[in-house]
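Each chain is listed here by its residues.
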Amino acid sequence: MSDIAEKVKKIVVEHLGVDEDKVTETASFIDDLGADSLDTVELVMAFEEEFGIEIPDDAAEKIQTVKDAIDFISANS
Amino acid sequence: MRRVVVTGMGMVSPLASSLDETWTRLINGESGAGRITKFDAETFPCKIGCEVTLGDGTNGTFNPDDWMLPKDQRRVDDFIVYGMAAATQAIEDAGWTDPGEEEGLRTGVMIGSGIGGLQWIADTAVTLKERGLRRVSPHFIAGSIINLVSGNVSIKYGFRGPNHAVVTACATGTHAIGDAARLVALDDADVMIAGGAEGTICAVATAGFAQARALSTKYNDTPEKASRPWDKDRDGFVMGEGSGVVVLEELEHAKARGAKIYAEIIGYGMSGDGYHVTAPAPDGNGGYRAMEAAVKRAGISTADIDYINAHGTSTPLGDEIEFGAVKRLLGDAAGSVAMSSTKSAIGHLLGAAGAVEGIFAIKSITDNIVPPTLNLDNPSDSCFGINLVPHTAQEKDVKIALSNSFGFGGTNATIIVKEYNGD
């Protein structure tokens, strides 16, 4: 697993309070991991903080799964 | 009107994180005051407070993890965590954790706060200025506004009746219990979860109250001596934090499900001073009228009142004004009542004060003992003719107890509770 993927999963586990094994790459934050709309904003903030990037709102809206996050961060950091 | 009884009680206080432990320590004359640890108060004129002691949940310490998931705690200010803890205790005590769909619709929540999430508001202002908008938490608003104790309690338990929150400064807790009891009496709900929560021992609140010259400043080296209602050497209040919550229930509803009944809410009165934003009216008329209205509603004689849990904040002005109002209310009966201020032990819990103190009034009825006024070494010259229960608790047959709360803005509230003997 890439460094980025590992960090993303760690952030998701911490912020959503879910078991690590549930955080698969295809897991949807809202449908599979119990996040609400506020949680997804907070997750994006945490990604920005951790990776020192800015995720514009229109891009953030498209980040719905763990893989979406890893792909966006990999391409932009 | 329908009769309203108390069937559950919960508390987080500076003395302990449960009602039973708080009450034991209160009756033992212990103080919850100490040096402020929640922020660096070294440059503040007041360096003391009555903080909730964090710990693993044993020996009276408060463990937030016992009441909310860590991920949820991060999304709310302290007052909401305290409120959830006290509400959970009260609801479990009442055996009302799972009322079902229909009963859930007839169960409401009214837990207020005097100030709400000021700590987080202050922190967010700094974040916004130093780091910009994109670092402000999306949970900030819903984690700091006052009605979110009521909101979170309703979500946790499926209580979908009236959802409300009182905000009347230091009268909040008493207004919440009184107003919620009215909702039950008027058939808007069969069960109401009511009370107050506060967690405002932070730099901004302490600075504000200090600048209003409301806080004690002479006892920074002896914090347990600082809250001394009616004593000649009092010099301001000591800020406390925590929460008190009761379950109020329509009498027949409580009887039908075999709930244990602690006491009946028989009187509630309100008034406004119409005088000054922080100072009470010197003639005590506001407090007097709130008590008078509650007595009238209760349909009792003032001579029937056995115990008064006073507002008694330990401020130079307020204590004697309340004393005078009580003396005027009771007349010849003043000699037989016991009146104490439990703020001498736990400080002033602001919006939670009235709820916590209302519960103490109920405990005086169920346990037939009245808690002491600590540090009352030399009462002020005007404070004679009423037993102020100095230093140590007193055993007393208490059938009816009254609790007062007065708040900034000149808002006054009184509730009267009575022993329930099965009639």
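The structure displayed is predicted, hence computed values, not measured ones. (Residues numbered from 1 in each chain as written. Chains lettered and ligands numbered in written order. Predicted model: local features only at pLDDT ≥ 70, side-chain atom pairs only at ≥ 80, totals over all residues. Heavy atoms only, no water.)

### Overview of the UniProt feature "domain: Carrier" (unreviewed entry) in chain A
Residues annotated in UniProt with the feature "domain: Carrier" (unreviewed entry) correspond here to residues 2-77 of chain A. Split by type, residues 2-77 of chain A is 61% helix and 0% strand. Its first and last C-alpha atoms lie 13 Å apart. (UniProt positions renumbered as here; feature names shortened; annotations may be inferred. Helix = DSSP H or I, 4+ residues; strand = E, 2+ residues; numbered from the N terminus.)

### Points about the UniProt feature "domain: Ketosynthase family 3 (KS3)" (unreviewed entry) in chain B
Cross-referencing UniProt, the feature "domain: Ketosynthase family 3 (KS3)" (unreviewed entry) maps to residues 1-419 of chain B in the present numbering. Overall, residues 1-419 of chain B shows 32% helix and 18% strand. The separation of its end C-alpha atoms is 19 Å.

### Quick notes on the nonpolar core
All names here are of chain B. If you look at the biggest cluster of nonpolar residues, it comprises 51 residues, and the most contacted ones within it are Val6, Met9, Ile177, Met192, Val246 and Leu248. Per-element tally for this core: the top contributor is helix H13 (residues 353-367), with 8 residues. One finds Phe79, Val149, Val153 and Tyr157 within the second-largest nonpolar core, a separate group that totals 30 residues. (Core = buried A, V, L, I, M, F, W, Y, C linked by side-chain atoms within 4.5 Å. Buried < 20%, exposed > 50% of the residue type's maximum accessible area, 1.4 Å probe, protein only.)

### So, helix H1 (residues 19-27) of chain B
All names here are of chain B. Listed as buried for H1 are Leu19, Thr22, Trp23, Arg25, Leu26 and Ile27. Buried-residue contacts for H1 involve strand E1 (4-12), helix H3 (78-94), helix H12 (343-346), H13 and strand E11 (369-370). Downstream of H1 by one or two residues, glycine 29 has phi in the positive range, about 80 degrees. (Contact = heavy atoms within 4.5 Å.)

### Overview of the interface of chain A and chain B
On the chain B side, the residues contacting the 15 residues of chain A number 10 residues. Across the interface of chain A and chain B, roughly 1,100 Å² is buried in total on both sides, 39% from carbon and sulfur atoms. Sorting the residues of chain A by area buried against chain B places Leu38, Glu42 and Met45 of chain A first, and these three jointly supply 41% of that buried surface. A salt bridge links glutamate 49 of chain A to arginine 131 of chain B, with the nearest nitrogen and oxygen atoms 2.9 Å apart. Within the residue set of the side of chain A that touches chain B, elements represented by two or more residues are helix H1 (3-16) and helix H2 (37-51) of chain A. Counting residues per element, the side of chain A that touches chain B draws most heavily on H2 of chain A, which supplies 7 residues. Classifying every residue of the side of chain A that touches chain B by side-chain character gives 6 nonpolar, 2 polar and 7 charged. (Buried area = accessible area lost by both parts, 1.4 Å probe. Salt bridge = Lys/Arg side-chain N within 4 Å of Asp/Glu carboxyl O. Nonpolar A, V, L, I, M, F, W, Y, C, P; charged D, E, K, R; others polar.)

### Side note on the UniProt feature "modified residue: O-(pantetheine 4'-phosphoryl)serine" (unreviewed entry) in chain A
All names here are of chain A. Listed under "modified residue: O-(pantetheine 4'-phosphoryl)serine" (unreviewed entry) in the UniProt record, and renumbered for this structure, are Ser37. Relative to the helices and strands, serine 37 resides in helix H2. Here serine 37 falls in the exposed class, since its relative accessible area comes to 52%.

### Observations concerning the UniProt feature "active site" (unreviewed entry) in chain B
Residues and elements named next belong to chain B. The positions that UniProt labels "active site" (unreviewed entry) are, in the present scheme, Cys170. Position of cysteine 170 relative to the elements: it lies in the loop between strand E5 (163-164) and helix H7 (172-185). Of the residues examined, cysteine 170 reaches a relative accessible area of 9% and is grouped as buried.

### Description of unusual backbone geometry
If a residue is not glycine, its phi is most likely negative; likewise, a peptide bond is most likely trans. Residue and element names in this part refer to chain B. Non-glycine residue leucine 350 carries a positive phi angle of around 50 degrees. For leucine 350, the position within the fold is in the loop between H12 and H13. Taking the relative accessible area as the measure of exposure, leucine 350 reaches 1% and is therefore buried. In the Ramachandran plot, valine 389 falls in the positive-phi region, its phi being about 50 degrees despite a non-glycine side chain. Along the polypeptide, valine 389 turns up in the loop between E11 and strand E12 (394-395).

### Here we look at a negative patch on the surface
A surface patch of like charges, here negative, comprises Glu6, Asp19, Glu20 and Asp21 of chain A. With respect to the helices and strands, the residue glutamate 6 of chain A is situated in helix H1. (Patch = residues over 30% accessible without salt bridge, like charges linked within 9 Å, V, L, I, M, F, W, Y side chains within 5 Å. Areas by Shrake-Rupley, 256 points an atom, 1.4 Å probe, with all protein chains shown as cover. Lys, Arg positive; Asp, Glu negative; His and termini not counted. Charge placed at Lys NZ, Arg CZ, Asp CG, Glu CD.)

### Description of the packing of aromatic side chains
Residue and element names in this part refer to chain B. Scanning the entire structure with this criterion turns up 7 aromatic pairs over all chains. Aromatic side chains phenylalanine 39 and phenylalanine 44 sit 5.1 Å apart centroid to centroid with 65 degrees between the ring planes, which places their arrangement in the edge-to-face category. Under the relative-accessibility criterion, phenylalanine 44 is labelled buried at 15%. Look at tyrosine 157 and phenylalanine 159: their rings are 5.4 Å apart centre to centre, the planes differ by 15 degrees, and that puts the pair in the stacked class. For the pair formed by tyrosine 157 and phenylalanine 159, the shared burial category is buried. The structure contains a cluster of three or more aromatic residues connected by ring pairs, namely Phe209, Phe237 and Phe408. (Phe/Tyr/Trp six-rings, centres within 6.5 Å; stacked < 30°, edge-to-face > 60°.)

### Focus on the pattern of salt bridges
Applying the stated criterion to the full structure yields 34 salt bridges over all chains. In this structure, aspartate 57 of chain A engages arginine 134 of chain B in a salt bridge whose closest nitrogen and oxygen atoms are separated by 3.5 Å. Remark: arginine 134 of chain B occurs in the loop between helix H5 (118-131) and helix H6 (148-157) and aspartate 57 of chain A occurs in helix H3 (residues 57-62); the pair is interchain, linking two chains. In this structure aspartate 57 of chain A comes out as exposed when scored by relative accessible area, which is 53%. Judged by relative accessible area, arginine 134 of chain B falls into the partly exposed class, the value being 27%. Among the salt bridges present, the one from aspartate 231 of chain B reaches arginine 228 of chain B, with a minimum N-O distance of 3.0 Å. Classification of aspartate 231 of chain B as buried rests on a relative accessible area of 0%. What emerges from the salt-bridge pattern is a single network uniting Glu48, Glu49 and Asp57 of chain A together with Arg131, Arg134 and Arg135 of chain B.

### Remarks on the side chain of serine 314 of chain B
All names here are of chain B. Here serine 314 shows up in the loop between strand E9 (307-309) and helix H11 (318-330). Overall, the relative accessible area of 0% leaves serine 314 in the buried class. Within the local environment of serine 314, its side chain forms a polar contact with the backbone nitrogen of arginine 228, the two atoms lying 2.9 Å apart. When residues no more than four places from it in sequence are discounted, the contact partners of serine 314 are Ala226, Ser227, Arg228, Pro229, Arg234, Asp235, Gly236, Phe237 and Asp319. (Polar contact = N/O pair within 3.5 Å; in protein donor to acceptor, adjacent residues only side chain to side chain.)

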